[in-house]
Amino acid sequence: MSETEQNLILAFETSCDETSVSVIKNGTEILSNMIATQIKSHQRFGGIVPEVASRHHVEVITALTAEALEEAEVTYQDLDAVAVTKGPGLVGALLIGISAAKSIAMAYNLPLIGTNHIAGHIKAANLVDTIEYPALALVVSGGHTELVSMKTPSDYEIIGDTRDDAAGESYDKVGRVMGINYPAGKTIDEMAHQGSETFDFPRAMIKEDNYDFSFSGLKSAFINTVHHADQVGETLDKNDLATSFQSAVVEVLVHKTVKAIAEYQPKTFILAGGVAANQGLRQALTEAINQQYPDLKVIIPPLRLCGDNAAMIGAAAYQQFLDQDFSDMSLNAEPGLEFPYEGE
C-alpha cells in the first residue's frame, strides 16, 4: 500500500463517555469528526457510570456514522478501511464501537483495524504536524499518566507510568472536595490562574531516578488540608488551593518530561490526552522545553483533539493500515490494554 494513495479510514471511538465517528484521509487530514458528549448525563453521579455510557453510545452511533460520512462527502464504497478503539476503556462502551465497526467491515468487505486508544491520543499530533522519529510523548488523561518512547511509527514503549492515581483522576477527586462538578479539570485550571501558591503540597517521586509518577499522596494532602480547615472553622481560598494543587502536578510532569528528553533525545515531543488541554501544563511544558531544547519539535494538539475523538483513532490506524496490521472478526474489547514497558 502506497503512502501516495488517497486512503480513507472510517474511525470509531467509544471507549468512555464520548461517542465519536470520523473520516480521515491518509492519517493526517480530517474530513469529518463528529462527537456526541455525555458529560451532562454523568455529572449528577459525580463520575462516569459505565452502563449509562454504553446506552448513550447505542442511541447515537448510527446517526453519528451517517453524519460523519455526509460531512466528509464520501460513501461506504469510497472507504479503504474501518478502524475502532479496542482498548483501553470501559468494556461495554468499547463493545458498541467494535460492533458497529465489525458490521460495516463485514457488509462492505473492508479491512478492520483494532486500535489502541492511547496510540490515538499520541497520533493526534499527526493531524497537526508530521511526527519525526524517534519521538517522546507525555500522555496525561483521566485514566493514564505515562511517558511513551517511540523509536518508529509502529513502536510504543512505556518508560514511565503512574504508580497510583492518574493526574486527571486526581483533579476530579480534589474537585469533588471543593464542590466542583465533574469533570473538574477545566474549572481547577481556570481557578489556578486566579490564585497564589500558598500551600506547600508534596511533589512525589520528583527526586527519584526514574520516570514514574504518583499523585495519591498529593490528593490525600489536599483533602486533609481542606478537612482540617473545616474542622477548625477556617475558610481557605479555593483559588489558592487550585493554584497550589496544579503547581504540584505540573512541576512533577514537567520535571520528569524534561529529564526524559535529555536521556532519549527525541526529534519530536508530543503532549497528549485530555489533561493536555490544561493551560497551565501546556504553558509550563512549552516554556521549559523551549528554554532547554529550542530545536526540539514540540506538537501539542488543539483543545478539540485533546479529548476523546475518532479522528485520533483514524490517525493511529493509518500506520496500521500501511503495516497491514488488520484484525479479524474475532476482534474483542481489551479494557486493560496497555503498551509494553521498556525492556519487556
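About the criteria used
- Residues numbered from 1 in each chain as written.
- Predicted model: local features only at pLDDT ≥ 70, side-chain atom pairs only at ≥ 80, totals over all residues.
- Heavy atoms only, no water.
- UniProt positions renumbered as here; feature names shortened; annotations may be inferred.
- Helix = DSSP H or I, 4+ residues; strand = E, 2+ residues; numbered from the N terminus.
- Expected span 1.5 Å × (residues − 1).
- Buried < 20%, exposed > 50% of the residue type's maximum accessible area, 1.4 Å probe, protein only.
- Axes fitted to C-alpha atoms, helices over the stretch in contact; angles between N-to-C directions.
- Parallel < 35°, antiparallel > 145°, perpendicular 65-115°, else oblique.
- Contact = heavy atoms within 4.5 Å.
- Nonpolar A, V, L, I, M, F, W, Y, C, P; charged D, E, K, R; others polar.
- 1 Å grid on protein atoms, 1.4 Å probe; cavity = no way out; pocket = protein on both sides within 12 Å on 5 of 7 lines; lining within 4 Å.
- Points joined across faces, edges and corners; volume = space filled by probe spheres on them.
- Pairing = 2+ DSSP bridges.
- Polar contact = N/O pair within 3.5 Å; in protein donor to acceptor, adjacent residues only side chain to side chain.

As annotated in an unreviewed UniProt entry, the protein carries the name tRNA N6-adenosine threonylcarbamoyltransferase and comes from Holzapfeliella saturejae. On record in UniProt, under Sequence similarities (unreviewed entry), the comment for the protein is "Belongs to the KAE1 / TsaD family." As recorded by UniProt, the Subcellular location (unreviewed entry) comment attached to the protein reads in full: "Cytoplasm".

Trainee: Is there a simple way to think about helix H2 (residues 50-72) in this case?
Mentor: Since the α-helix turns once every 3.6 residues, residues separated by three or four places project in the same direction. An ideal rise of 1.5 Å per residue puts 33 Å on 23 residues; H2 measures up with 30 Å between its terminal C-alpha atoms. Among the residues making up H2, those that are buried are Ala53, Ser54, His57, Ile61, Leu64, Thr65, Ala68, Leu69 and Ala72. Glu73 occupies a position one or two residues after H2 and carries a positive phi of about 60°.

Trainee: What should I look at first to understand the packing of helix H6 (residues 185-192) against helix H8 (residues 238-264) in this one?
Mentor: The relative placement of two packed helices comes down to the angle between their axes together with the axis-to-axis distance. For the pair H6 and H8, interaxial distance at closest approach is 7 Å and the crossing angle is 105°. On the basis of their axis angle, the class for H6 and H8 is roughly perpendicular. Between H6 and H8, the residues in contact are Ile188, Asp189, Met191 and Ala192 and Lys238, Asn239, Ala242, Thr243, Phe245 and Gln246, respectively. In terms of residue class, the contact of H6 with H8 is built from five nonpolar, three polar and two charged.

Trainee: Help me understand the UniProt feature "binding site: Fe cation" (unreviewed entry) in the protein in this model?
Mentor: In this structure's numbering, the residues bearing the UniProt feature "binding site: Fe cation" (unreviewed entry) are His117, His121 and Asp308. Considering the C-alpha atoms alone, the annotated residues occupy 192 residues of sequence yet fold into one spot, their largest mutual distance being 8.6 Å. Of the annotated set named above, His117, His121 and Asp308 line the largest pocket. For His117, the position within the fold is in helix H4 (residues 117-123). On the basis of relative accessibility, which here comes to 6%, the residue His117 falls in the buried class.

Trainee: Is there a simple way to think about the layout of surface pockets in this case?
Mentor: To find leftover empty space, one rolls a probe the size of a water molecule over the atoms. Considering only enclosed or pocket space, the largest pocket measures out at about 1400 Å³ in volume. Gly142, Tyr182, Pro183, Gly274 and Val275 are, among the 45 residues lining the largest pocket, the residues nearest its centre. Contributing elements (two or more residues each) for the lining of the largest pocket: strand E3 (29-37), H4, helix H5 (167-177) and H6. Counting residues per element, the lining of the largest pocket draws most heavily on H5, at six residues. In the lining of the largest pocket, the residues fall into 16 nonpolar, 18 polar and eleven charged. Considered as a void within the structure, the second largest pocket measures approximately 310 Å³ in volume. In terms of lining, the second largest pocket is formed by 19 residues, of which the most central are Asn116, Ser154, Tyr156, Gln320 and Asp325.

Trainee: Any chance you could explain the sheet that holds strand E2 (residues 18-25) here in plain terms?
Mentor: By way of backbone hydrogen bonds, the strands of a sheet pair with one another, either parallel or antiparallel. Strand order in the open sheet formed by five strands is E3-E2-E1-E4-E5, with mixed pairing between adjacent strands. Only two strands of the sheet have a single neighbouring strand rather than two, namely E3 and strand E5 (112-116). Looking at each pair of strands side by side, their axes are set apart by 20° on average, direction ignored. Where strand E1 (residues 8-13) and E2 come together, six bridges link them in antiparallel fashion.

Trainee: Explain the UniProt feature "binding site: substrate" (unreviewed entry) in the protein here, please?
Mentor: Taking the UniProt record as the reference, the feature "binding site: substrate" (unreviewed entry) is found at Val139, Val140, Ser141, Gly142, Gly143, Asp172, Gly185, Asp189 and Asn278. The annotated residues that sit in the lining of the largest pocket are Ser141, Gly142, Gly143, Asp172, Gly185, Asp189 and Asn278. Counting through the fold element by element, Val139 comes out in strand E6 (residues 135-140). Residue Val139 is classed as buried on the basis of its relative accessible area of 0%. When near neighbours in sequence (up to four residues on either side) are disregarded, Asp189 contacts Gln246, Ala277, Asn278, Gln279 and Gly280. Polar contacts involving the side chain of Asp189 include one to the main-chain amide nitrogen of Gln279, which spans 2.7 Å.

Trainee: Is there a simple way to think about the pairing of E3 in this case?
Mentor: Note on strand geometry: in a regular strand, side chains alternate between the two faces of the sheet. Here E2 pairs with E3 via eight bridges, running antiparallel. Counterpart to Lys25 in the pairing with E3 is Glu29. Two successive antiparallel strands, E2 and E3, enclose a turn made up of three residues, where Asn26 displays a positive phi of approximately 55°.

Trainee: It is not clear to me how the environment of Ala316 should be interpreted in this structure. Could you clarify?
Mentor: Topologically, Ala316 is positioned in helix H10 (residues 310-323). With 311 residues separating them along the chain, Ala316 and Glu5 place their C-alpha atoms 17 Å apart. For Ala316, the contacting residues outside a window of four places in its chain are Thr115, Ala119, Gly120 and Lys123.

Trainee: Just checking my understanding: could you explain empty space enclosed by the protein for this structure?
Mentor: In the structure shown here, the tally under the stated rule is one cavity of 30 Å³ or more. The computed volume of the largest cavity comes to approximately 30 Å³. Lining the largest cavity are Pro88, Asn116, Ile118, His144, Glu146, Ile158, Leu337, Glu338 and Phe339. Of the residues contributing to the lining of the largest cavity, the split by class is five nonpolar, two polar and two charged.

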